[in-house]
Amino acid sequence: MGQACIAGSRIYVQEGIYDKFLEGFTEHAKELTKSIGGPFDEGVQHGPQVSKVQYERVMGYISSGKSDGAKVHIGGERFGEQGYFIKPTIFVDAKPEMKIMQEEIFGPVCSIVKFHTEEEVTEWANDTTYGLAANVLTESSSRAIRMANNLEAGGIYVNCAQSVEVCVPFGGYKQSGIGRELGEAALETYTQVKAVHINIGQVL
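Residues numbered from 1 in each chain as written. Predicted model: local features only at pLDDT ≥ 70, side-chain atom pairs only at ≥ 80, totals over all residues. Heavy atoms only, no water.

Enquirer: Which residues make up the packing of aromatic side chains, and what values do they have?
Expert: Each aromatic ring pair is described using two quantities: the centre-to-centre distance and the angle formed by the ring planes. In total, this model carries three aromatic pairs according to the counting rule given. Summarising the aromatic geometry, the rings of Y12 and W124 are spaced 6.1 Å apart at their centres and angled 40° between planes, so their arrangement reads as tilted. Note that Y12 is positioned in strand β1 (residues 10-14) and W124 in helix α4 (residues 118-126), a separation of 112 residues in sequence. The class for Y12 is buried, based on a relative accessible area of 19%. Consider the rings of F21 and F25, whose centres lie 5.5 Å apart with planes at 20°: the pair is stacked. Of this pair, F21 and F25 both sit in helix α1 (residues 18-34), separated by four residues, roughly a single helical turn. Residue F25 is classed as partly exposed on the basis of its relative accessible area, which comes to 25%. A cation sits over an aromatic face here: K99 above Y61, 5.2 Å from the ring centre. (Phe/Tyr/Trp six-rings, centres within 6.5 Å; stacked < 30°, edge-to-face > 60°. Helix = DSSP H or I, 4+ residues; strand = E, 2+ residues; numbered from the N terminus. Buried < 20%, exposed > 50% of the residue type's maximum accessible area, 1.4 Å probe, protein only. Lys NZ or Arg CZ within 6 Å of the ring centre and 35° of its normal.)

Enquirer: Give a detailed account of the sheet that holds strand β4 (residues 109-115), specifying residues and quantitative values.
Expert: Strand pairing within a sheet occurs via backbone hydrogen bonds; the two strands may be parallel or antiparallel. An order of β1-β4-β3-β2 is seen for the four strands of this open sheet, with the pairing classed as mixed. The sheet is open, and its two borders are formed by β1 and β2 (71-74), each paired with just one other strand. Averaged over all pairs of adjacent strands, the angle between their axes in this sheet comes to 35°, without regard to strand direction. Across three bridges, the pairing between strand β3 (residues 89-92) and β4 is parallel. Among the inter-strand pairings, F91 is bridged to a residue of β4, identified as S111. Where helix α2 (residues 52-68) meets the sheet, its contacts fall on β2, β3 and β4, and the angle it forms with β3 comes to roughly 25°. (Pairing = 2+ DSSP bridges. Axes fitted to C-alpha atoms, helices over the stretch in contact; angles between N-to-C directions. Contact = heavy atoms within 4.5 Å.)

Enquirer: Before we move on, could you go through the UniProt feature "domain: Aldehyde dehydrogenase" (unreviewed entry) in the chain and cite the residues and values that matter?
Expert: With numbering matched to this structure, UniProt assigns "domain: Aldehyde dehydrogenase" (unreviewed entry) to residues 1-196. With 29% helix and 16% strand, residues 1-196 has its two end C-alpha atoms placed 50 Å apart. (UniProt positions renumbered as here; feature names shortened; annotations may be inferred.)

Enquirer: Break down unusual backbone geometry for me, citing the residues and quoting the values.
Expert: Non-glycine residue D93 carries a positive phi angle of around 60°. Positive phi, normally seen in glycine, also occurs at Q162, with a value near 55°. For Q162, the position within the fold is in the loop between β7 (155-158) and β8 (173-174).

Enquirer: Residues and numbers for the environment of I90, please.
Expert: Mapped onto the fold, I90 is located in strand β3. The class for I90 is buried, based on a relative accessible area of 1%. The spacing of I90 and K71 is 19 residues in sequence and 8.5 Å in space, taken between C-alpha atoms.

Enquirer: Help me get a handle on a nonpolar patch on the surface, residues and values and all.
Expert: On the surface, a cluster of nonpolar side chains totalling about 390 Å² of accessible area is made up of V196, I198 and I200. Within the fold, I198 resides in the segment after β8. Judged by its relative accessible area of 67%, I198 falls in the exposed class. (Patch = residues over 30% accessible without salt bridge, like charges linked within 9 Å, V, L, I, M, F, W, Y side chains within 5 Å. Areas by Shrake-Rupley, 256 points an atom, 1.4 Å probe, with all protein chains shown as cover. Salt bridge = Lys/Arg side-chain N within 4 Å of Asp/Glu carboxyl O.)

Enquirer: Give a description of the pattern of salt bridges that names residues and reports values.
Expert: Applying the stated rule across the entire model yields six salt bridges. Residue K30 is joined to E27 by a salt bridge in which the shortest nitrogen-to-oxygen separation is 3.7 Å. Of this pair, K30 and E27 both sit in helix α1, three residues apart, which is roughly one turn of the helix. By relative accessible area, K30 is classed as partly exposed at 38%.

Enquirer: Talk me through the environment of D19; I want residue IDs and the actual numbers.
Expert: Inspection of the secondary structure puts D19 in helix α1. Judged by its relative accessible area of 58%, D19 falls in the exposed class. Sequence-wise, D19 and Q162 are 143 residues apart; in three dimensions their C-alpha atoms are separated by 25 Å.

Written as structure tokens, this is what we have:
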């Protein structure tokens, strides 16, 4: 349903593989649309939004994307007459300053954007007040390390996504929360530091 804190709603694809990627991703979205239903129904892969408030919030983002000039490639509308189901939605031609590119949607909505250079996509990816997680998919290990260092996010997933490990700290940069969960770093959240200063020699 896209209701995940590290859902990838901005997808940047290098121009050389953009068309092929968009074609494959579109087919995946169509398959999800065929398997919409209640979360406990057999075979369902895509469920509803958690509430009417969340449904209306996500639909508001979709309306914003349309009015800002992004193009709905697939989806962008309600599914069925009951419940709060939204068809998996892909935007194309989105610009960095658009609301759908600047805020967390928490719904089945993403924008697929074509980029040319590594420097360009790094700048776009960091152009947001949020920074919880980022995924880097590449065949080059040096590029993966370089991108991981340059991206302003608390968690970087290379050639994988949402692969949270219990021993590895989880948390964000900028407006994506305070502190860390998981790993040794999480202990600081539950620790209160006290400083005690005792004069053992100085005459007051």
